[in-house]
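The residues making up each chain are set out below.
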Amino acid sequence: MQMGLAAGAASVFPQSLLAQDKAAAASDSGARLVLLGTKGGPRVGGSRSNPANALVVDDAVYVIDTGMGVSAQFVKAGLDFRKLRAIFISHMHSDHELELGNFVYNSWVTNSFTKPVDVYGPVGIEDMVRDYWALNRIDIETRIADEGRVDPRPLLHGHDMAFEKRQVMQDDKVTVSALPTPHKPLQNFAYRFDTPYGSVVYSGDTSFYPPLADFAKGADILVHEVLYEPGVDALTKRARGGEAFRAHIMNAHSTTGQVGQIAAMAGVKTLVLSHFVPGDMDWITDDMWREGAARHFQGEIIAGHDLQEIPLS
Ligand SMILES: [Zn+2]
Ligand SMILES: [Zn+2]
């Protein structure tokens, strides 16, 4: 087969290039959500990476949370660092922001970080951006001087946001708004992305919170964190935690049933379960994750997997 391709290369090549261009043009139109990491919590390993997502709208990419592993997952998903426009951080638990600086660095070191990128999140994001550059000053200044690279520091703009409902930003592809939700002892931002192709709402980490349903009203896709109660018992045992440990997890997150209630109240088309807690116990099947939500929500329910792509249509 390879020989055949080689033999016909002279005549076929321009045609195939044309086909590739067409495919590239087609794939640059439309919107899709890419689940980069679907495991809740900071523990690494297992079959899921830590929380991260990408929303692709035409030729623009928006990243939502940057848990450990986001850079590798972004590359595995075939996404292009050069198309990155903005990053949104839900809250300051490390499973959502640990790789923020390194993600941007990995873009820079492949000469893909040439345009400004905004990072939105709770108070602390501006410090995190500044401190990241300080932490890596020697490497960065060496590469600027030695390899002639552009200085990445003025290109990354952190935006601390106080916890209140707000419009975050708007460009030609998307309007983004944020809603504070309870996530003891922190607070969290849920984000809503309204695009020409439909709307996506991302819950971040939250306990059961009916105002989130209003915020997600009529969205095409609701990505909601989820915990499986029998799994929490196993998690508590593995961590040798007591009642306080179990209560902490239960109070800060949403059960499968509660997630189904929010999706039903919001009237979304598709519910995507993600940020699985526990996310590394493979005896919990997709059906087990969906079951509790399906008792309340009649629409499509997707038990998300890493690198899964969900089109907006
Ligand atoms: Zn989390
Ligand atoms: Zn959290």
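- An unreviewed UniProt entry lists the protein chain under the name MBL fold metallo-hydrolase, with Altericroceibacterium spongiae as the source organism.

### A closer look at the overall build of the protein chain
Thought 1: A count of helical and extended segments in the protein chain gives twelve helices and 14 strands.
Thought 2: The C-alpha radius of gyration of the protein chain comes to 21 Å, within 12% of the 20 Å expected for a compact globule of 313 residues.
Thought 3: Taking the principal axes of its C-alpha atoms as reference, the protein chain extends roughly 65 × 50 × 40 Å.
Thought 4: Taken across its 313 residues, the protein chain has 42% of its residues classed as buried.
Thought 5: Nonlocal contacts in the protein chain, meaning residues at least 24 apart in sequence, comprise 67% of its contacts between residues at least 6 apart.

### Considerations on helix α11 (residues 256–266)
Thought 1: Here α11 has its buried residues at T256, Q258, V259, G260, I262, A263 and A266.
Thought 2: Structurally, α11 contributes buried residues whose contacts are with α8 (211–215), β11 (221–227), β12 (270–277) and α12 (286–294).
Thought 3: Looking at the residues trailing α11, positive phi occurs at G267, about 70°.

### Considerations on the UniProt feature "domain: Metallo-beta-lactamase" (unreviewed entry) in the protein chain
Thought 1: Listed under "domain: Metallo-beta-lactamase" (unreviewed entry) in the UniProt record, and renumbered for this structure, are residues 51–248.
Thought 2: Secondary structure within residues 51–248 divides into 32% helix and 33% strand; the distance between the first and last C-alpha atoms comes to 19 Å.

### Here we look at the sheet that holds strand β13 (residues 300–303)
Thought 1: Reading across the sheet, the seven strands line up as β7-β8-β9-β10-β11-β12-β13 and stay open at both edges, with mixed pairing between neighbours. Two strands lie at the open edges of the sheet, namely β7 (166–170) and β13, each paired on one side alone. On average, each strand axis in the sheet is inclined to that of its neighbour by 25°, with strand direction left out of account.
Thought 2: Note: β11 against β12, seven bridges, orientation parallel. Within the sheet, the bridge partner assigned to V226 lies in β12 and is F276.
Thought 3: Packing of α11 onto the sheet brings it into contact with β11 and β12, and relative to β11 it is tilted by some 160°.

### Here we look at the pairing of strand β5 (residues 117–122)
Thought 1: Bridging between strand β4 (residues 84–88) and β5 involves three bridges; their strand directions are parallel. Looking at the pairing, I87 lines up with V119 of β5.
Thought 2: Pairing geometry for β5 and strand β6 (residues 156–161), over six bridges, is parallel. For Y120, the partnering residue across the bridge sits in β6 and is H159.

How each quantity is defined
Residues numbered from 1 in each chain as written. Chains lettered and ligands numbered in written order. Predicted model: local features only at pLDDT ≥ 70, side-chain atom pairs only at ≥ 80, totals over all residues. Helix = DSSP H or I, 4+ residues; strand = E, 2+ residues; numbered from the N terminus. Rg over C-alpha atoms; globule rule 2.2 N^0.38 Å. Buried ≥ 20, exposed ≤ 12 C-beta atoms within 10 Å, placed from the backbone. Contact = placed C-beta atoms within 7 Å. UniProt positions renumbered as here; feature names shortened; annotations may be inferred. Pairing = 2+ DSSP bridges. Axes fitted to C-alpha atoms, helices over the stretch in contact; angles between N-to-C directions.

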